[in-house]
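Chain and residue survey
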Amino acid sequence: MFVLLSQLLTSDRAEETPVAQVAGAMKTFGEFRAEVADLTARIRARECDRLVLATESSYAFATGFLAGLQADCRIIIPPNALPGMLAHFVTADCPLLSDIKRDGDLIPIDGAIGGAAAFSALDPDGCQLDFYTSGSTGMPKRVPKSLAQIEDELVVLDQTWGARLAGAATLGTVSHQHIFGLYFKCLLPLCEGRLFFPKTFEIWEELLAAAPPGACFVSSPAHLTRIPPMDPLPQERAAPVIFTAGGPLPFEAAQTAAATFGPIPTEVYGSTETGGVAHRQQREPRTPFTPLPGMRTRIDDQGLLSVKSNYTDGGDWDATNDIAELQPDGGFILSGRANQFVKIEGKRISLAEVEKYLSRSALVREAAAFILDGGRETLVAVVELSDTGWRQHAEIGAFRLGRALRRELAPNLENAAMPKRWRFVDRLPVNAQGKRQQVALNELFTGGDGAD
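In this report, we go over the structure that sits alongside the text.

What counts and how
Residues numbered from 1 in each chain as written. Predicted model: local features only at pLDDT ≥ 70, side-chain atom pairs only at ≥ 80, totals over all residues. Heavy atoms only, no water. Salt bridge = Lys/Arg side-chain N within 4 Å of Asp/Glu carboxyl O. Helix = DSSP H or I, 4+ residues; strand = E, 2+ residues; numbered from the N terminus. Buried < 20%, exposed > 50% of the residue type's maximum accessible area, 1.4 Å probe, protein only. Pairing = 2+ DSSP bridges. Axes fitted to C-alpha atoms, helices over the stretch in contact; angles between N-to-C directions. Contact = heavy atoms within 4.5 Å. Left-handed = near helix turned anticlockwise from the far one by under 90°. Nonpolar A, V, L, I, M, F, W, Y, C, P; charged D, E, K, R; others polar. Core = buried A, V, L, I, M, F, W, Y, C linked by side-chain atoms within 4.5 Å. Parallel < 35°, antiparallel > 145°, perpendicular 65-115°, else oblique.

Side note on the pattern of salt bridges
- Following the criterion strictly, the structure yields 14 salt bridges and no others.
- Arg33 is the salt-bridge partner of Glu15, the closest N and O atoms lying 3.9 Å from each other. Of this pair, Glu15 sits in the loop between helix 1 (5-8) and strand 1 (18-22) while Arg33 is found in helix 2 (residues 29-46), placing the two residues 18 residues apart along the sequence.
- On the accessibility criterion, Glu15 (43% relative accessible area) is partly exposed.
- Note that Asp38 and Arg42 form a salt bridge whose closest N and O atoms lie 2.9 Å from each other. One end of the pair, Asp38, and the other, Arg42, are both in helix 2, four residues apart, so they sit about a helical turn from each other.
- Among the residues examined, Arg42 registers a relative accessible area of 25% and is labelled partly exposed.
- Through salt bridges with shared partners, a single ionic network connects Asp38, Arg42 and Asp110.

Structure follows, in structure tokens:
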């Protein structure tokens, strides 16, 4: 049964209800409540009103999340738990709440159990959190949310998928420090009384080895495009739902995932600011997104999509950076991002189109095309080579390989759309959510090596 986060600790949920599979052992709701009670007491003893919450384990995150709110703290959620990121936020007055051992201002989430719990129902409007996104420049961007906004979205997610997820354990390849992973991998199972696995699985084989029959998978397009060759799951082990978000999922990857795991992945379109906006399953290449209940969409004269969400402050229209085609039934088809169109030599160039044609080459597994910051408008490409591509790289070198790729592009792209500089990599740099790290891509061109 679905229970709101604000009422979870004071609810009559059975003590033996499974919560999480932690290091091979089952954590029950009774144990979870006891750990939250102990952590709440230790937070109160610090007499702070703000906390930074960053953990490796999703179970530790859930414990810290509710304990921090019970202790009347504003919770700051950075996009990752790396030391450089945490340095932006952690101070003596704003300690780190974490299961990661470190020196300094730390309140450890260590599974300790103390006295009896004395919880009160939370005020959803009074509980405040600050999410941070990595941002296109690499600098964290603050996105404030109330617990009421989070609960409103979780209710919609439960109404939309709760029946299909009934009893399904959840495992994920994405981090709970991002809002998609947090909602689908951690908070939604917690509210619905379903088991979740706190680990972030990097390898599909490890996830499948741990997954009980009929488990739900929460993944990213980057992971779904790298499913290794394997036999399809038998019907009794097939996933009821595969959720993915964070970027466009290629149609071919959607079909491969369906053939391997059972269902066509459910893509959730949205952002930290807007929350989940719409969803789709790609049964055909131009499958539209369907808005989630309570969401409204519109397209301006430039083709930019705007959404009106209950999950943003003021509930006003929020302009996205996505170009879309509105459908008669209110759905929409994404055509690309506004920043994927650039002007070079007076011509309007689609970066998505450059990447599309590069990815069709037998030499290329994936590609990122962009304008290099500073100086002239220089179109560059970072290419993740295929095995064939690396063999060619070894034979002819980076410079001649770049020329070979330009020749492959020539029948489809005019000269202005040809990358002028190249970098060849084993993997495109992405974060835990599978999104490209633009700062890291730019840095590849600061050295002298490569196909310039």
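Some thoughts on the sheet that holds strand 23 (residues 379-385)
- Here three strands make up an open sheet; going across it, the order is 22-23-24 and the pairing mixed. The open sheet has two free edges, formed respectively by strand 22 (364-371) and strand 24 (421-425), since each of these has just one partner strand. Going from strand to strand, the sheet's axes swing by 20° on average, the running direction of each strand aside.
- Set on the sheet, helix 10 (residues 351-359) makes contact with strand 22, strand 23 and strand 24; between it and strand 22 the angle comes to about 155°.

Looking at the packing of helix 3 (residues 58-70) against helix 6 (residues 179-192)
- With their axes 11 Å apart at the nearest point, helix 3 and helix 6 run at an angle of 65° to one another. Note that helix 3 runs across helix 6; the crossing there is right-handed. When helix 3 is examined against helix 6, the residues Ser58, Phe61, Ala62, Phe65 and Leu66 are found in contact with a partner set consisting of Leu182, Lys185, Cys186, Leu187 and Leu190.
- In terms of residue class, the contact of helix 3 with helix 6 is made up of eight nonpolar, one polar and one charged.

Thoughts on the sheet that holds strand 17 (residues 304-308)
- Taken in spatial order, the four strands make up an open sheet running 16-17-18-19, and their pairing is antiparallel. Strands at the two margins of the open sheet, each flanked by one partner only, are strand 16 (296-299) and strand 19 (332-337). Going from strand to strand, the sheet's axes swing by 50° on average, the running direction of each strand aside.
- In this structure, strand 17 lies alongside strand 18 (residues 317-326), joined through four bridges in antiparallel fashion. Following the sheet pairing, Val307 is matched in strand 18 by Asp318.

Considering helix 9 (residues 251-261)
- The set of residues buried in helix 9 consists of Ala253, Ala254, Ala257, Ala258, Thr260 and Phe261.
- At the C-terminal side of helix 9, Gly262 shows a positive phi close to 125°.

Some details on the nonpolar core
- Of all hydrophobic cores here, the largest spans 73 residues; its most connected members are Phe32, Ile43, Phe65 and Phe243.
- If one sorts the elements of this core by residue count, helix 6 sits on top with ten residues.
- In this structure, Phe32 is in contact with Leu8, Leu9, Val19, Tyr59, Ala62, Thr63, Leu66 and Leu190, ignoring residues within four places of it in sequence.
- With 25 residues, the next largest nonpolar core counts Val342, Ala381, Leu405 and Phe424 among its residues.

Notes on the packing of helix 2 against helix 3
- Contact pair helix 2 / helix 3: the axes reach a minimum separation of 8 Å and the direction vectors enclose 50°. As judged from the angle between their axes, helix 2 and helix 3 are oblique. The two elements helix 2 and helix 3 cross, and the hand of that crossing is right-handed. Counting all contacts with helix 2, which are made through Glu31, Phe32, Glu35, Val36, Leu39, Thr40, Ile43 and Arg44, the residues of helix 3 involved are Tyr59, Ala62, Thr63, Gly64, Leu66, Ala67, Gly68 and Gln70.
- Looking at side-chain class alone, the contact of helix 2 with helix 3 contains eight nonpolar, five polar and three charged residues.

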